[in-house]
Amino acid sequence: MNPHASGFAAYNFAYLDEQTKRMIRRAILKAIAIPGYQVPFASREMPMPYGWGTGGVQVTAAILGADDTLKVIDQGSDDTTNSVSIRKFFEKTAGVATTTRTADASIIQTRHRIPEEPLKSGQVLVYQVPIPEPLRFLEPRETETRKMHALEEYGLMHVKLYEDIAKNGRIATTYAYPVKIEGRYVMDPSPTPKFDNPKMNDSPALQLFGAGREKRIYAVPPHTEVVSLDFEDHPFEINRFEDTCALCGAEGVYLDEVILDDKGNRMFCCSDTDHCEQRREAGHSGARAGQGLEASQ
Amino acid sequence: MANVATPAFTGGFNDPVHGSQQGFRAIMEAMARPGTLQTPDGVTAPAPLNPVSALVALTLLDQDTSVWLDSGCHGQADVADWLSFHTGARIAQNMATADFCILSNPKGVTVLADMALGSEEYPDRSATAIMQVTGFEANPDWVCEGPGIKGQIDFQPTGVDDSFLPVWSQNRAAFPRGVDLILASPTQLAALPRTTCIRKAREM
């Protein structure tokens, strides 16, 4: 029946059975139709632990086709354990082409970053989500948070942001910064740095979110309004960096701090490894480009 | 009992895994970009189902779902048998509780409000309507706006007149509750999620 069975005898295409895929696909369609609303789904056990992106993996498996080119990033990086494992998982179970180039990918599964390179129409960004409910740490009961979403009762979230200001003089939330979708649902953008929040607004790409342990799928369709919650006198601001990337010299990108030794030396470099590599290939270089570790000593 | 020559056993996917994946991506693109036309490969099915609406049914229906058929389909025993054989979906007698509703032609669209709309707490527990149309207008008289649409898009299915607009705006007003609509011509499909606002082009 399945022409791919000969090559991958142990698995259906993309690991999941067809009935599971249909169930996830129906949830994805409702998620797209109700932007920002968390659709419950019958999350399966996957051959990796919760917290490793089982929600994202199930969403990717349900949408992935033989013609797709898949990119997987973890905190912006194509070559950390999580992204390598998931990329290899789909190479093995679906035999799809994979890439590290943002522009070449039709599906990008991500843990906690949005690529620096602007996404295009036709691309799908699949987020791995640990806690999909933005109100969960304010109200632990699912029955209550569900009612709060139904009644559009989001005052508590503003109280939380206000408490940030009262304690710290500014909104101290730096990741998983709550957003409002099309003026209706408050949504957790997953633990992306708030630096990435503006990229979610009016994106030409479709954004899908999968939470495996919490069994929720939600979505932001292309060209949809995504507003970070704030106050008139304390407007939303993204993270700013004083440094530029030590490897490619990029400004205005999200930077990772890398500790170089035990003498206090450190450097900042692009969190998006593909963006950094492409800039270096194009001839850009930062302060530490081409230097070994000994140069810091 | 039906014998092997019965239309119920014919048609369907040649390749269920990839056929349904390609069908789904067309539906997902259509739902994410309301008013745009997708051209998936249809599947053969008994009349009055057209190849694309049959594709949508095979892609989304299974034993976990129920499907309601309008009078155009319901009179054709082949359609119910075909859907049961290929998908395992239950044929719903009551439209108000069905997960999917198949409308064989747009004239029956007034029933949209009688379908499951979901609840305020679970708006996803609403019906998805699959409505067959003869085609899509090259010079649409409607303008659509909403999530998934950059600015606005001109869109109108053929044979669907302006009496659809108040029905749809009533559906839109129930947000986040509401029915999502998949429109299938014999060769193309488009979708209108509950978030899409439609108005007459001339009223601009």
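As the structure is a prediction and not an experimental result, all values here were calculated from the model.

Our next topic: the overall build of chain A. Helix and strand content of chain A: seven helices and twelve strands. Computed over the C-alpha atoms, the radius of gyration of chain A is 20 Å, within 12% of the 19 Å expected from 2.2 N^0.38 for a compact globule of 297 residues. Considering only C-alpha atoms, chain A reaches an extent of 60 × 50 × 35 Å along its principal axes. Residues counted as buried form 56% of the 297 residues belonging to chain A. For chain A, contacts bridging at least 24 residues in sequence account for 63% of all contacts bridging at least 6. Positive and negative charge centroids in chain A, built from 34 and 42 side chains respectively, lie 6 Å apart.

What follows covers the sheet that holds strand β5 (residues 142-145) of chain B. All names here are of chain B. If you walk across this open sheet you meet the three strands as β6-β5-β9, and the pairing is antiparallel. Edge positions in the sheet fall to β6 (153-154) and β9 (197-200), since each has one partner strand and no second. Note: β5 against β6, two bridges, orientation antiparallel. Paired with V143 across the two strands is D154, which belongs to β6. Packing against the sheet, helix α5 (residues 164-173) makes contact with β5 and β9, and its axis sits at approximately 150 degrees to β9.

With that out of the way, let us pick up the interface of chain A and chain B. Facing 46 residues of chain A, the contacting portion of chain B comprises 41 residues. Considering only the surface of chain A that becomes buried against chain B, R26, L29 and K30 of chain A emerge as the three largest contributors, covering 18% of it. For the pair chain A and chain B, the interface holds four salt bridges. The closest approach of N and O atoms between D68 of chain A and R25 of chain B, which form a salt bridge, is 2.6 Å.

Two measures describe an aromatic ring pair: the distance that separates the ring centres and the angle between the ring planes. Residues and elements named next belong to chain A. Per the counting criterion, the structure on display carries 14 aromatic pairs over all chains. Between Y15 and F89, the aromatic rings sit 5.4 Å apart at their centres with planes inclined by 55 degrees, giving tilted as the arrangement. In this pair, Y15 is assigned in the segment before α1 (18-33) and F89 in helix α3 (residues 81-94), connecting sequence segments 74 residues apart. Assessed through its relative accessible area of 26%, Y15 is described here as partly exposed. When its relative accessible area of 12% is taken as the criterion, F89 is described as buried. Seen from their ring centres, Y127 and F209 are 4.1 Å apart, and the 10 degrees between their planes marks the pair as stacked. Here Y127 is found in strand β5 (residues 124-128), whereas its partner F209 is found in strand β8 (residues 206-211), with 82 residues between them in sequence. Across the pair, F209 and Y127 agree in class, each one buried. An aromatic cluster of three or more residues is present, and its members are Y11, Y15, F89 and F90. The residue whose ring lies beneath R184 is Y185, and the NZ or CZ to ring-centre distance is 4.4 Å.

With that out of the way, let us pick up the side chain of D274 of chain A. Residue and element names in this part refer to chain A. By the element assignment, D274 lies in helix α7 (residues 273-281). Residue classification places D274 among the buried positions, given a relative accessible area of 2%. If we ignore the near neighbours within four places in the chain, the residues touching D274 are K71, D78, T100, R101, T102 and E117.

The next thing to look at is the pattern of salt bridges. Overall, the coordinates contain 26 salt bridges over all chains when judged by the stated rule. A salt bridge links D180 of chain B to K30 of chain A; the nearest nitrogen and oxygen atoms lie 2.8 Å apart. Remark: K30 of chain A occurs in helix α1 and D180 of chain B occurs in strand β7 (residues 180-184); the pair is interchain, linking two chains. For K30 of chain A, a relative accessible area of 8% corresponds to the buried category. Salt-bridge contacts for E257 of chain A lead to R266 of chain A; the nearest nitrogen and oxygen are separated by 2.8 Å. In this structure E257 of chain A comes out as partly exposed when scored by relative accessible area, which is 42%. Among the ionic contacts, a cluster of salt bridges with common partners joins R113, E116, D196 and K199 of chain A.

What counts as what
Residues numbered from 1 in each chain as written. Chains lettered and ligands numbered in written order. Predicted model: local features only at pLDDT ≥ 70, side-chain atom pairs only at ≥ 80, totals over all residues. Heavy atoms only, no water. Helix = DSSP H or I, 4+ residues; strand = E, 2+ residues; numbered from the N terminus. Rg over C-alpha atoms; globule rule 2.2 N^0.38 Å. Buried < 20%, exposed > 50% of the residue type's maximum accessible area, 1.4 Å probe, protein only. Contact = heavy atoms within 4.5 Å. Lys, Arg positive; Asp, Glu negative; His and termini not counted. Charge placed at Lys NZ, Arg CZ, Asp CG, Glu CD. Pairing = 2+ DSSP bridges. Axes fitted to C-alpha atoms, helices over the stretch in contact; angles between N-to-C directions. Buried area = accessible area lost by both parts, 1.4 Å probe. Salt bridge = Lys/Arg side-chain N within 4 Å of Asp/Glu carboxyl O. Phe/Tyr/Trp six-rings, centres within 6.5 Å; stacked < 30°, edge-to-face > 60°. Lys NZ or Arg CZ within 6 Å of the ring centre and 35° of its normal.

Structural measurements only, silent on function.
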